[in-house]
Amino acid sequence: MALTRAAFDQYMVPNYAPAAFIPVRGEASRVWDQSGKEYIDFAGGIAVNSLGHCHPALVGALTKQANQLWHVSNVFTNEPALELAQKLVDATFADKVFFCNSGAEANEAALKLARRAAIEQFGEQKNKVISALSSFHGRTFFTVCVGGQPKYSDGFGPKPAGIEYFEYNNLEAFKALIDDDTACVILEPIQGEGGVVPADAAFLQGVRDLCTQHNAYLIFDEVQSGMGRSGSLFAYQEYGVVPDILSSAKSLGGGFPIGAMLTTAEIAKYLVAGTHGTTYGGNPLACAVAGAVIDVINTPEVLAGVKTKHAQFVDGIQAINAKYPVFSQVRGLGLLIGAVLTEAYQDRAKEILNIAAQNGVMVLMAGPNVIRFAPSLIVSDEEIATGLARLETAIAQFVA
Ligand SMILES: *Cc1c(COP(=O)(O)O)cnc(C)c1O
């Protein structure tokens, strides 16, 4: 019996509203559904499929590891985890790595570490967490409460205390909140879910300086902005502003679930044996794949390619907009791009997503007014051209 979309409504918890078609196969930046219809993938599984679908290096790493060792738990360490940790340390500010399975878990670890380290050094009162409005840090109860979007955290009962919010990119507002009781500040260098909003360089530097002044840890949530998406391996390197703790996930696994928290030896020492953990974290399969991902992405060719492709996307979207003016702004860094709908088309991003899919191109939204592009970092010229041509047809239908 063929599975249909109706099975979703029958068997699955209704917390998602997936598209009507069901993808069954992918190759590079193309996906095919059950009926054999082809889509160009500019969604990248929400900034996850950093090397497209079924990249030979990732298939190779996964199958090799699958024939060797799948899981041992953290009662034992394993070679793929140690290799990946070394690669991440060599490529970043960090000295130490903690592995988990998702972005939310990486942030949960980051926040717990920051509070623990702050409290042990300065006392119980140093526990305040500062976060930006419209930010997104995951869906565990702590991270969703830290994320500045009440629509995701309301209605689940009492929230953890000690979290305060300010307007992103507003240094004055931040300055008014931070004090000596602040344990940490968590920020996305580019707000993803919040609408693809890049930080101003002066704002990030100002936050860094104030954190240092108040002995507060600066956490960069690079779950979406990291692993090459900005054109540097991590967006902090693009800005030249170094955090104390960094979270990674999404593109890190290229489609295999993994998360990582990176930090310095000085801070890491507060997460002593027994203070935190996860059964699957550092799983050999996940780490083998992520090791292959970083080998491919962290090369001058791929990172420079991200910047070239950024220009191709922005030019292409602007050309569509010149014919059918629906966007007021195209923003973002590297291959995380947001096209903002004009006043006339408010709240209609979802409609564009659906029409685009009908025309054979998958795009994302970032809130009701922003069309988001988060394709493979190695999407080809041909795939970009074909996808944008299909998007143009879709937008022509949308405005008609
Ligand atoms: C997606 C995302 C998360 C959550 O990651 P999950 O793997 O879904 O838990 C956290 N922070 C940012 C910036 C994200 O984009």
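Residues numbered from 1 in each chain as written. Predicted model: local features only at pLDDT ≥ 70, side-chain atom pairs only at ≥ 80, totals over all residues. Heavy atoms only, no water.

Topic: the site of the ligand
Now for step 1: Neighbouring the ligand are the residues Ser 102, Gly 103, Ala 104, Asn 107, Phe 136, His 137, Gly 138, Glu 188, Asp 221, Val 223, Gln 224 and Lys 250.
Now for step 2: Separating an oxygen atom of the ligand from a backbone N or O atom of Ala 104 is a distance of 2.7 Å.
Now for step 3: At 2.7 Å from an oxygen atom of the ligand is found a side-chain nitrogen or oxygen belonging to Gln 224.
Now for step 4: A total of 380 Å² of accessible area belongs to the ligand in isolation, and the protein chains cover 82% of it.
Now for step 5: Residue contributions to the shell around the ligand peak at three residues, all from helix α5 (residues 103–122).
Now for step 6: In terms of residue class, the shell around the ligand is made up of three nonpolar, six polar and three charged. (Near = heavy atom within 4 Å. Polar contact = N/O pair within 3.5 Å; in protein donor to acceptor, adjacent residues only side chain to side chain. Areas by Shrake-Rupley, 256 points an atom, 1.4 Å probe, with all protein chains shown as cover. Helix = DSSP H or I, 4+ residues; strand = E, 2+ residues; numbered from the N terminus. Nonpolar A, V, L, I, M, F, W, Y, C, P; charged D, E, K, R; others polar.)

Let's talk about the pairing of strand β7 (residues 182–187)
Now for step 1: Across the six residues of β7, six count as buried, placing the element largely inside the fold.
Now for step 2: As paired elements, strand β5 (residues 128–132) and β7 share four bridges and run parallel to each other. Directly across from Ser 131, in β7, lies its bridge partner Ile 186.
Now for step 3: One ladder, built from four bridges, connects β7 with strand β10 (residues 217–221); its direction is parallel. Looking across to β10, one finds that Val 185 is bridged to Leu 218. (Buried < 20%, exposed > 50% of the residue type's maximum accessible area, 1.4 Å probe, protein only. Pairing = 2+ DSSP bridges.)

Brief notes about the packing of helix α14 (residues 349–358) against helix α15 (residues 381–399)
Now for step 1: Contact geometry of α14 with α15 gives a least axis separation of 9 Å together with a crossing angle of 125 degrees. As the angle between them shows, α14 and α15 are arranged oblique. Along this stretch, α14 crosses α15, giving a crossing that reads as right-handed. The segment α14 lies against α15, with Glu 351, Ile 352, Ile 355 and Ala 356 engaging Leu 391, Ala 394, Ile 395, Gln 397 and Phe 398.
Now for step 2: Per-class residue counts for the contact of α14 with α15 are seven nonpolar, one polar and one charged. (Axes fitted to C-alpha atoms, helices over the stretch in contact; angles between N-to-C directions. Parallel < 35°, antiparallel > 145°, perpendicular 65-115°, else oblique. Left-handed = near helix turned anticlockwise from the far one by under 90°. Contact = heavy atoms within 4.5 Å.)

Description of the sheet that holds strand β16 (residues 364–365)
Now for step 1: What the four strands build is an open sheet, ordered β13-β14-β17-β16; its pairing is antiparallel. Lying at the two open borders of the sheet, with one neighbouring strand each, are β13 (327–333) and β16.
Now for step 2: With four bridges connecting them, strand β14 (residues 336–341) and strand β17 (residues 370–373) associate as antiparallel partners. Bridging from a neighbouring strand, Val 340 pairs with Val 370 of β17.

Observations regarding the sheet that holds strand β15 (residues 361–362)
Now for step 1: Judged by pairing direction, the sheet is mixed, and its four strands sit side by side in the order β1-β2-β3-β15 without closing on themselves. Among the strands making up the open sheet, the edge pair consists of β1 (23–27) and β15.
Now for step 2: Here β1 pairs with strand β2 (residues 30–33) via four bridges, running antiparallel. Across the sheet, residue Gly 26 finds its bridge partner in β2, namely Val 31.
Now for step 3: Lying over the sheet, α15 contacts β2, β3 (38–41) and β15, oriented at roughly 110 degrees with respect to β3.

Considerations on the pattern of salt bridges
A pair can form between side chains of opposite charge whenever their charged atoms are brought close.
Now for step 1: For the coordinates displayed, the defined rule picks out 15 salt bridges.
Now for step 2: The shortest N-O distance in the salt bridge between Lys 307 and Glu 238 comes to 2.9 Å. Of this pair, Lys 307 sits in helix α13 (residues 300–323) while Glu 238 sits in helix α10 (residues 235–239), and the two are 69 residues apart along the sequence.
Now for step 3: Salt bridges sharing partners connect three or more residues here, namely Arg 30, Glu 38, Glu 382 and Arg 390. (Salt bridge = Lys/Arg side-chain N within 4 Å of Asp/Glu carboxyl O.)

Structural notes on the layout of surface pockets
Now for step 1: One number sums up the size of the second largest pocket: a volume of about 600 Å³.
Now for step 2: Considering the residues around the second largest pocket, the lining is formed by 26 residues, among which Asn 74, Val 97, Phe 98, Phe 99 and Leu 271 are closest to the centre.
Now for step 3: The set of elements that each furnish at least two residues to the lining of the second largest pocket consists of α4 (79–91), β4 (96–100) and β12 (259–263).
Now for step 4: With four residues, the single largest contributor to the lining of the second largest pocket is β4. (1 Å grid on protein atoms, 1.4 Å probe; cavity = no way out; pocket = protein on both sides within 12 Å on 5 of 7 lines; lining within 4 Å. Points joined across faces, edges and corners; volume = space filled by probe spheres on them.)

Quick notes on the nonpolar core
Now for step 1: Core analysis: the biggest nonpolar cluster contains 82 residues, and Leu 187 and Phe 373 have the highest contact counts within it.
Now for step 2: Among the elements that line this core, the one with the most residues is helix α12 (residues 284–297), at eight residues.
Now for step 3: Two domains each provide a minimum of three residues to this core, namely domain 1 (6–54 + 300–399) and domain 2 (69–297).
Now for step 4: Not counting the four nearest positions on each side in its chain, Leu 187 is found in contact with Ala 132, His 137, Phe 166, Tyr 168, Phe 203, Leu 204, Val 207, Ile 219, Phe 220 and Asp 221.
Now for step 5: Listed in part, the 23 residues of the second largest apolar core include Leu 113, Ile 219, Ile 267 and Tyr 270. (Core = buried A, V, L, I, M, F, W, Y, C linked by side-chain atoms within 4.5 Å. Domains from an automatic or database assignment.)

Re the packing of aromatic side chains
Now for step 1: One pass over the full model with this rule turns up eleven aromatic pairs.
Now for step 2: Residues Tyr 168 and Phe 203 carry aromatic rings whose centres are separated by 5.7 Å and whose planes lie at 65 degrees to one another, so their mutual orientation is edge-to-face. Placement of the pair is Tyr 168 in the loop between β6 (163–166) and α8 (171–177) and Phe 203 in helix α9 (residues 201–213), with a sequence separation of 35 residues.
Now for step 3: The exposure class of Phe 203 is buried, given its relative accessible area of 3%.
Now for step 4: Members of the aromatic cluster, connected to one another through ring pairs, are Phe 166, Tyr 168, Phe 174 and Phe 203.
Now for step 5: In this structure, Arg 25 packs its charged tip against the face of Trp 32, placed 4.2 Å from the ring centre.
Now for step 6: Stacked on the ring of Tyr 152, the Lys or Arg Arg 139 has its end atom at 4.1 Å from the ring centre. (Phe/Tyr/Trp six-rings, centres within 6.5 Å; stacked < 30°, edge-to-face > 60°. Lys NZ or Arg CZ within 6 Å of the ring centre and 35° of its normal.)

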